[in-house]
Amino acid sequence: MDYVLYQNSIIPKDQLKIEMEDRGYMFGDGIYEVVRVYNGVPFTMQEHLERFEQSAAALDMSVPYHTAKITELIQSLIQKNNMNSGIVYFQLTRGIQPRNHLYSREIEPVLSGFSKPLETNIEWQQNGIDTWMTKDIRWLRCDIKTINLLGNIMVKREASDQDCHEALQHRDGIVTEGSSSNLFLVKENVIFTHPATNLILNGITRRVVLRLADEIGALLKEKQFTLEDLKQADEVFITSTTMEITPVRSIKGDITTSFDIGPWTKKLQEAFTNYRNKQQ
Ligand code: PDD
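Residues numbered from 1 in each chain as written. Predicted model: local features only at pLDDT ≥ 70, side-chain atom pairs only at ≥ 80, totals over all residues. Heavy atoms only, no water.

Draft legend 1. Expanded view of the nonpolar core. If you look at the biggest cluster of nonpolar residues, it comprises 25 residues, and the most contacted ones within it are Phe52, Ile70, Val88, Phe90 and Leu111. When residues of this core are traced back to their parent elements, those giving at least two are β1 (3-6), β3 (30-38), α2 (45-58), α3 (67-80) and β5 (86-93). When residues in this core are grouped by element, the largest group, five residues, is from α3. Within the second largest apolar cluster, 19 residues are counted, among which are Leu168, Val175, Leu227 and Met243. (Core = buried A, V, L, I, M, F, W, Y, C linked by side-chain atoms within 4.5 Å. Buried < 20%, exposed > 50% of the residue type's maximum accessible area, 1.4 Å probe, protein only. Helix = DSSP H or I, 4+ residues; strand = E, 2+ residues; numbered from the N terminus.)

Written out as structure tokens, the structure reads:
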């Protein structure tokens, strides 16, 4: 039987009751995290919880449980569902209230979550993915991990309709990030990624890559780059909790180009695997 997280307990999925007037349901008024689980152990849990708190604070919400309690709930969800390799999704909505744009500060936030098995896609890791470059149509607080993901999901569909696995986005020619991933390019042995401003989500995998790049002696700069820079790149890769470090082998759409899977991408993938294995 599948179990889910609801408030501060783990319950059988068929006992879960979602309220019509939950603001998450009507307004997308909430935040979330996706945590990877390797060998039954949540990866970079602390970083995810810190970002969860930051997203809540940015939206004038507060997380009703201590991070230790959320960690405990997530661990028991993984155990109850007997999951070895996968993800845990959890979200916090502002709460339940008769529909009104004006939110009340008196309502109780709703924490919920589930686990889902997932294996690393080895084929994508080795051979890369095809991507679709399009306009970034999102709001100006992409740094908040909100469940309101319309901009992201519209471009993901657009990419899939073009037989691409991920959408890459740009604002007036400045490349920001993927629809559900961060983006890196390598040019003449220097790695570039968009700085952690309001225009991107500061991915946890991105932060791990920043640390690992330093450890393996790679020069990495958090600096904006353009579509033209991307066209001239030697290597390109994306990062996320679910995709880890995945090379980009082609881009179509607002630019058309292709890349070989390069040495820096491979070195970082290797460093990531070692780091991940050490955390078990
Ligand atoms: N998405 N940028 C965006 C817009 C994202 O949605 C994500 C992650 C990332 C990478 O962040 P992280 O390394 O912390 O996973 C960057 C998750 C996986 C999702 O929505 O499923």
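Draft legend 2. Highlighting the sheet that holds strand β4 (residues 41-42). Read from one edge of the open sheet, six strands run β2-β1-β6-β5-β3-β4, paired in antiparallel fashion. The sheet is open, and its two borders are formed by β2 (9-12) and β4, each paired with just one other strand. Note: β1 against β2, four bridges, orientation antiparallel. For Tyr3, the partnering residue across the bridge sits in β2 and is Pro12. Its contacts with the sheet place α2 against β3, β4, β5 and β6 (110-117), and it is angled at close to 175° to β3. (Pairing = 2+ DSSP bridges. Contact = heavy atoms within 4.5 Å. Axes fitted to C-alpha atoms, helices over the stretch in contact; angles between N-to-C directions.)

Draft legend 3. Structural view of the pattern of salt bridges. As enumerated under the stated definition, the model contains 18 salt bridges in all. One salt bridge in this structure joins Arg23 and Asp29, with 2.7 Å as the shortest N-O distance. With relative accessibility at 2%, the residue Arg23 sits in the buried group. Among the residues examined, Asp29 registers a relative accessible area of 9% and is labelled buried. Note that Asp130 is salt-bridged to Arg249, the shortest N-O span being 3.0 Å. Here Asp130 is found in strand β7 (residues 129-135), whereas its partner Arg249 is found in strand β15 (residues 244-253), with 119 residues between them in sequence. Shared partners join several salt bridges into a network, and the residues in it are Asp136, Arg138, Arg171 and Glu177. (Salt bridge = Lys/Arg side-chain N within 4 Å of Asp/Glu carboxyl O.)

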